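Chain residues, written in single-letter form:
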Amino acid sequence: MRSASISRRTAETDVSVSIDLDGTGKAEISTGVGFLDHMLELFARHGLFDVTIKVEGDLHVDQHHTTEDTGIALGQAVAKALGDKRGIARYADIHLPMDETLSRVAIDISGRPFLVFRTSFRVEKIGQFDTELVREFFQAFAMNSGLTLHVETLYGENAHHIAESLFKGVARSLRKAVAIDPREEGRVPSTKGSL
């Protein structure tokens, strides 16, 4: 099974993450940040990943460390679960609609982490959640999972819909990129022989 667990403790947060890439979409999420919990539940469900996340963070300061460190640990868990990446599809992309919003996500499980984030929000908060933390989450996730990740909102108005389209889009793209391609016959999908 392609699964992994990560524990990460700092002076700011205590994060435990487990993921099964070949799951059914079950999620047990408790970060202390309601909106982030909602986005991560969507990520698990639409990626068909079984995900458990437990975070205790310095929410008396703000939600930044909790959000960023969750992205770090989830990224590390994905990288660990992928192992040497033999047989994976590697690339995937999607256009993800959410009501009036349309976002585009493209992924390369390259081992060369990079984030292109072309999304803006018209408001600074979704409830109590700072919209700038959406980028912070994906930056941490991409850097620690070894993904080249491009996310872009082509159009949209509602900040909740924009964020949701990105999380769902990343989940759906990652689901396709980590899928085993039988034509690869267990090879690493690279002319270099490793990713």
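Relevant structure appears above.
This structure is a prediction, so every number in the text was calculated from the model and none was measured.

**Regarding the overall build of the protein**
Logical step 1: For the protein, the helix and strand inventory stands at four helices and ten strands.
Logical step 2: Along the chain direction, N to C, the helices and strands of the protein fall in the order β-β-β-α-β-α-β-β-β-β-β-α-β-α.
Logical step 3: Taken against the 2.2 N^0.38 rule, which gives 16 Å for 195 residues, the C-alpha radius of gyration of the protein at 16 Å falls within 12% of a compact globule.
Logical step 4: Seen through its C-alpha atoms, the protein measures out along the principal axes to roughly 50 × 40 × 30 Å.
Logical step 5: Counting contacts in the protein only where the partners sit at least 6 residues apart, residues at least 24 apart contribute 77% of the total.
Logical step 6: A total accessible area of about 9,200 Å² is found for the protein, and carbon and sulfur atoms account for 47% of it.

**Notes on the pairing of strand β4 (residues 50–57)**
Logical step 1: Summarising the sheet, strand β2 (residues 13–20) and β4 pair through eight bridges and their orientation is antiparallel. Counterpart to Asp-20 in the pairing with β4 is Asp-50.
Logical step 2: Sheet topology places strand β3 (residues 27–30) next to β4; four bridges connect them, and they run parallel. Its bridge partner being in β4, Ala-27 is matched across the sheet by Val-51.

**Considerations on the sheet that holds strand β1 (residues 3–9)**
Logical step 1: Here four strands make up an open sheet; going across it, the order is β1-β2-β4-β3 and the pairing mixed. Looking along the sheet, the strands with just one partner apiece sit at the ends: β1 and β3. Ignoring strand direction, the axes of neighbouring strands in this sheet form an average angle of 5°.
Logical step 2: On the sheet, helix α1 (residues 34–47) packs against β2, β3 and β4 and is oriented at approximately 160° with respect to β3.
Logical step 3: Strand contacts of helix α2 (residues 64–82): β1, β2 and β4, with the helix running at about 35° to β2, the strand carrying the most contacts.

**What about the sheet that holds strand β10 (residues 148–155)?**
Logical step 1: In space, the four strands of this open sheet follow the order β5-β6-β10-β7, with mixed pairing throughout. Sheet topology places β5 (91–98) and β7 (114–118) at the edges, where each strand pairs with a single neighbour. Neighbour to neighbour, the strand axes of the sheet diverge by 10° on average, direction disregarded.
Logical step 2: Across seven bridges, strand β6 (residues 101–108) lies against β10 in antiparallel orientation. Following the sheet pairing, Ile-107 is matched in β10 by Leu-149.
Logical step 3: Contacting β7 and β10, helix α3 (residues 132–145) crosses the sheet at an angle of about 160° to β7.
Logical step 4: Running over the sheet, helix α4 (residues 159–178) touches β5, β6, β7 and β10 and is turned about 150° from β5.

Reading the values: rules and limits
- Residues numbered from 1 in each chain as written.
- Predicted model: local features only at pLDDT ≥ 70, side-chain atom pairs only at ≥ 80, totals over all residues.
- Heavy atoms only, no water.
- Helix = DSSP H or I, 4+ residues; strand = E, 2+ residues; numbered from the N terminus.
- Rg over C-alpha atoms; globule rule 2.2 N^0.38 Å.
- Contact = heavy atoms within 4.5 Å.
- Areas by Shrake-Rupley, 256 points an atom, 1.4 Å probe, with all protein chains shown as cover.
- Pairing = 2+ DSSP bridges.
- Axes fitted to C-alpha atoms, helices over the stretch in contact; angles between N-to-C directions.

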